[in-house]
Amino acid sequence: MNDSTDFDVIVIGAGAVGENVADRVVRAGLSAALIEAELVGGECSYWACMPSKALLRPGTALKAALGVAGSREAVTGPLDVEQVLDRRDKFASHWDDSSQAEWVKDSGITLVRGTARLTGERSVAVRHDDDVTPLTARVAVVLATGSTPTIPPIEGLDTVEYWGTREATSAPQVPTSLVVLGGGVAGTELAQAFARLGSAVTIIARSGLLSTYPAPASRLVRQGLEGDGIDIRTDTATESVKQQDNGSVTVHLEGGETVTAEKLLVSTGRQPALTKLGLEDFGLDPKKLVIDPSGRVQGVDWLYAVGDAAGKVLLTHQGKYEARITGSAIAARAAGSLGDTVEDWSDYAASADQYAVPQVVFTDPEIAMAGRTLKQAQDAGLNVSETSLEIAVAGSALHSDGYQGWAQMVVDEDRKVLVGMTFAGPDVAELLHAATIAIAGEVPLNRLWHAVPAYPTISEVWLRLLEKYGL
Ligand SMILES: Cc1cc2nc3c(=O)[nH]c(=O)nc-3n(C[C@H](O)[C@H](O)[C@H](O)COP(=O)(O)OP(=O)(O)OC[C@H]3O[C@@H](n4cnc5c(N)ncnc54)[C@H](O)[C@@H]3O)c2cc1C
Ligand SMILES: NC(=O)c1ccc[n+]([C@@H]2O[C@H](COP(=O)([O-])OP(=O)(O)OC[C@H]3O[C@@H](n4cnc5c(N)ncnc54)[C@H](O)[C@@H]3O)[C@@H](O)[C@H]2O)c1
């Protein structure tokens, strides 16, 4: 750290999102301090996206080889667990942030290690061990503090040892059995990763499995998980949990049934990490901030929030997008070229957060979705139609024997543009960006008709959907 305590911009939280805001403002000629309490790189690098995908990928690759006659016969054994965990460790940089800290320094950003709290207008105190360093920002303070797990009020949970997603993604060994509480994205991905690494896995979901996605897509994932031997209990409430003498955990379900496993994973959602920042002193609610499309916090014109902390979309790529937008808005306001209001879809408004978010569930099969589901579009008052079909094209037949997939297109009938797209099936994630472009670009359907998918690829499903729609 250099000795300066006065910067143009202070960014609290050096996750992927905080790093990107700091980089953006420095590139625009401003100075920036980036404050981090734990590891530079944040959740995604060490305990979320990277290690979870590294745990999943070998199982998906093995299943792909088993799905094609010829390569199937060449597979002679199960996953090599030690190799999988070693590779995961490399993707998590062995939980060492020195290369990311080096990048921060090389980018001209000042890294300050410690826990930050707002102490006044544009003022922050950073506590590191017993030292407290006061910092001031001439222009703006940005909250990029991420999110923390939501822990459900289940009797006994505070008395047992359980895994959160951090412990699961960094697990040094594979447990013989695992019970997963929560049927959301984190729960299903990690359930499949551990099942394929040899754990006997049970998922307990209060409602459905991946219930925010279109039902045919979630059903395909459920079939895939069941094919891996996962016991899935949906619409099942958990009454209490208890640790056994041998360390295993028993989950007592509504109706009297119990499930016992070596490890319990609680993956029941996340919430913005906004407590202990002193927000109350500025009349703000630390449960959720109201922010404008440039990321500025309502009522405090020097304060911004991005990424998970902003609470709009809890995804790395979307948080980094917000970081680029907010960084540009801060720099433009510092230069006097941007006022209080920002235009939708301009360089200073994170409009895609509302209309064109891409998201992937990295199970096998995958779900890849961009924009709105039919229900979300209807709830937003749009006059929409839906067209859906099974993915059965030359590209999918070649991809694997017995390929099963599903796709859905949601069209705004008043404007004749795509507002939502969902694909489910093996390797559909790579189809997604075309949908994101069509939605964000509001490409008219009669022009999309001229975007010809290459033969023989799974993307031919685009053509089938447009034909079924009536083009
Ligand atoms: C298991 C799992 C898998 C996931 N997989 C994916 C995926 O595949 N793709 C995807 O897009 N998203 C995924 N996500 C979501 C993704 O991890 C988050 O959206 C992303 O990490 C948010 O980045 P962020 O920078 O906003 O927050 P974080 O990465 O949480 O970073 C915030 C940083 O702020 C620091 N901090 C907090 N408070 C203070 C303070 N007061 N002072 C100083 N520092 C502070 C923290 O230590 C942390 O390093 C996954 C999440 C989980 C849990
Ligand atoms: N591939 C990806 O992009 C990816 C992967 C993992 C996580 N994430 C992100 O991380 C965030 C957190 O993931 P998550 O799966 O924890 O959250 P989530 O919100 O996706 O799912 C949480 C699930 O837990 C359930 N639940 C809540 N309380 C419960 C209880 N008492 N008992 C049983 N179930 C209960 C909810 O009904 C929901 O299905 C998500 O917002 C997601 O965006 C993304």
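Residues numbered from 1 in each chain as written. Chains lettered and ligands numbered in written order. Predicted model: local features only at pLDDT ≥ 70, side-chain atom pairs only at ≥ 80, totals over all residues.

Rules: UniProt positions are given in the numbering used here, feature names are shortened, and annotations may be inferred rather than shown by experiment.
For the protein, an unreviewed UniProt entry supplies the name NAD(P)/FAD-dependent oxidoreductase and the organism Arthrobacter flavus. Recorded in UniProt under Cofactor (unreviewed entry), the annotation for the protein is "FAD".

Overview of the overall build of the protein
Under the convention used in this document: Every helix listed is a DSSP run of H or I at least four residues long, and every strand listed is a run of E at least two residues long, numbered separately from the N terminus. Once C-beta atoms are placed from the backbone, any two residues with those atoms within 7 Å are in contact.
Broken down by element type, the protein carries 15 helices and 21 strands. Referenced to the eigenvectors of the C-alpha coordinate spread, the extents of the protein come out at roughly 65 × 65 × 45 Å. Restricting to contacts in the protein with at least 6 residues of sequence separation, those with at least 24 account for 66%.

Description of unusual backbone geometry
The omega angle of the peptide bond from D364 to P365 is 5°, so this bond is cis rather than trans. Here P365 shows up in the loop between β17 (358-361) and β18 (366-371). Following Y455, the chain continues into P456 via a peptide bond in cis, with omega recorded as -5°. With respect to the helices, strands and loops of the structure, P456 is situated in the loop between α14 (445-448) and α15 (460-469).

Looking at the UniProt feature "domain: Pyridine nucleotide-disulphide oxidoreductase dimerisation" (unreviewed entry) in the protein
According to UniProt, the feature "domain: Pyridine nucleotide-disulphide oxidoreductase dimerisation" (unreviewed entry) maps to residues 357-462 in the numbering used here. Helix makes up 26% of residues 357-462 and strand 31%. Its end C-alpha atoms lie 19 Å apart.

Examining the environment of D427
Selection rule: Note on burial: count the other C-beta atoms lying within 10 Å of the residue's C-beta; 20 or more is buried, 12 or fewer is exposed, in between is partly exposed, and C-beta positions come from the backbone.
Examined against the element boundaries, D427 turns out to sit in the loop between β21 (417-425) and α13 (432-440). Here D427 falls in the buried class, since 20 other C-beta atoms lie within 10 Å of it. For the pair formed by D427 and P293, sequence separation is 134 residues and the distance between their alpha carbons is 33 Å. Beyond its immediate stretch of four places on either side in the chain, D427 contacts E366, H399 and I458.

Focus: the UniProt feature "domain: FAD/NAD(P)-binding" (unreviewed entry) in the protein
Sequence positions flagged by UniProt for "domain: FAD/NAD(P)-binding" (unreviewed entry) are, in local numbering, residues 7-318. Measuring from the first to the last C-alpha atom of residues 7-318 gives 26 Å, for a span that is 28% helix and 26% strand.

Structural notes on the nonpolar core
Here is the rule we go by: When buried Ala, Val, Leu, Ile, Met, Phe, Trp, Tyr and Cys residues are joined through C-beta atoms within 7 Å, the set is termed a nonpolar core.
Membership of the largest hydrophobic core comes to 137 residues, with the highest contact counts inside it found for V9, I10, V11, A32, L34 and V142. Filtering out sequence-adjacent residues up to four positions away, V142 remains in contact with V9, V11, I12, V21, Y304, V306 and T326.

Some words on the site of ligand 1
This is how the line gets drawn: Whether a residue is near a molecule or strand depends on its C-beta atom, generated from backbone atoms, being within 6 Å of that molecule or strand. Only Asp, Glu, Lys and Arg are considered charged, only Ala, Val, Leu, Ile, Met, Phe, Trp, Tyr, Cys and Pro nonpolar, and every remaining residue, Gly among them, polar.
Of all residues adjacent to ligand 1, which total 38 residues, the nearest are G13, G15, G42, G146 and G307. Counting only elements with at least two residues in the shell around ligand 1, the list comes to α1 (16-27), β2 (32-36), α2 (42-46), α3 (49-66), β4 (115-120), α6 (165-169) and α9 (316-334). Within the shell around ligand 1, the residues separate by chemical class into 18 nonpolar, 15 polar and 5 charged.

A closer look at the site of ligand 2
Every one of the 24 residues lining ligand 2 counts as a neighbour, but P152, G182, G184, A186 and L314 are closest to it. Its residues assigned to classes, the shell around ligand 2 shows 11 nonpolar, 10 polar and 3 charged.

A short note on the packing of α3 against helix α4 (residues 81-91)
Describing two packed helices takes the angle between their axes plus the distance from one axis to the other. The line we're drawing: Angles here are taken between N-to-C directions and fall from 0 to 180 degrees, while the axes themselves are lines fitted to C-alpha atoms, restricted in helices to the stretch in contact. Angles are sorted into four bins: roughly parallel if under 35 degrees, roughly antiparallel if over 145, roughly perpendicular if 65 to 115, and oblique for all others. Crossing handedness: left-handed means the near helix sits turned counterclockwise from the far one by under a right angle, and right-handed means the same turn made clockwise.
Packing of α3 against α4 leaves a shortest axis separation of 8 Å and a crossing angle of 150°. As summarised for this structure, α3 and α4 are arranged roughly antiparallel, according to the angle between their axes. Two packed elements cross with a definite hand, and for α3 against α4 that hand is right-handed. When α3 is examined against α4, the residues M50, P51, A54, L55 and P58 are found in contact with a partner set consisting of V84, R87, R88 and F91. Of the residues that constitute the contact of α3 with α4, the class distribution is 7 nonpolar, no polar and 2 charged.

Details of α13
Note the threshold: The arc in question is the one traced by the directions running from the helix axis out to the C-beta atoms.
Turning to α13, its buried residues number three or more, namely L432, A435, T436, A438 and I439. Considered in projection along α13, the buried side chains sweep an arc of 165° and stay on one side of the axis. Looking at the packing, one finds that the buried side of α13 touches α10 (352-355), β17, β18, β21 and α14. In the stretch just after α13, E442 is the one whose phi turns positive, near 45°.

Overview of the sheet that holds strand β14 (residues 263-266)
As a reminder of what qualifies: Two strands pair under a simple rule: DSSP has to find at least two bridges between them.
Taking strand neighbours across the sheet as the criterion, the 4 strands line up as β10-β9-β8-β14 in an open arrangement whose pairing is parallel. Among the strands making up the open sheet, the edge pair consists of β10 (231-233) and β14. When strand polarity is set aside, the average angle formed by the axes of neighbouring strands in this sheet is 15°. The pairing of strand β9 (residues 200-204) with β10 spans 3 bridges and is parallel. What sits directly across from T202, in β10, is D231.

Regarding the sheet that holds β18
Backbone-to-backbone hydrogen bonds join strands into a sheet, with any given pair of strands oriented parallel or antiparallel. The 5 strands lie next to each other as β17-β18-β21-β20-β19, forming an open sheet whose pairing is antiparallel. Looking at strand neighbours, the two that pair on one side only are β17 and β19 (384-390), the edges of this open sheet. Neighbour-to-neighbour, the strand axes of this sheet turn through a mean angle of 10°, independent of strand direction. Across 6 bridges, the pairing between β18 and β21 is antiparallel. From the neighbouring strand, G371 faces β21, where its bridge partner is G420.

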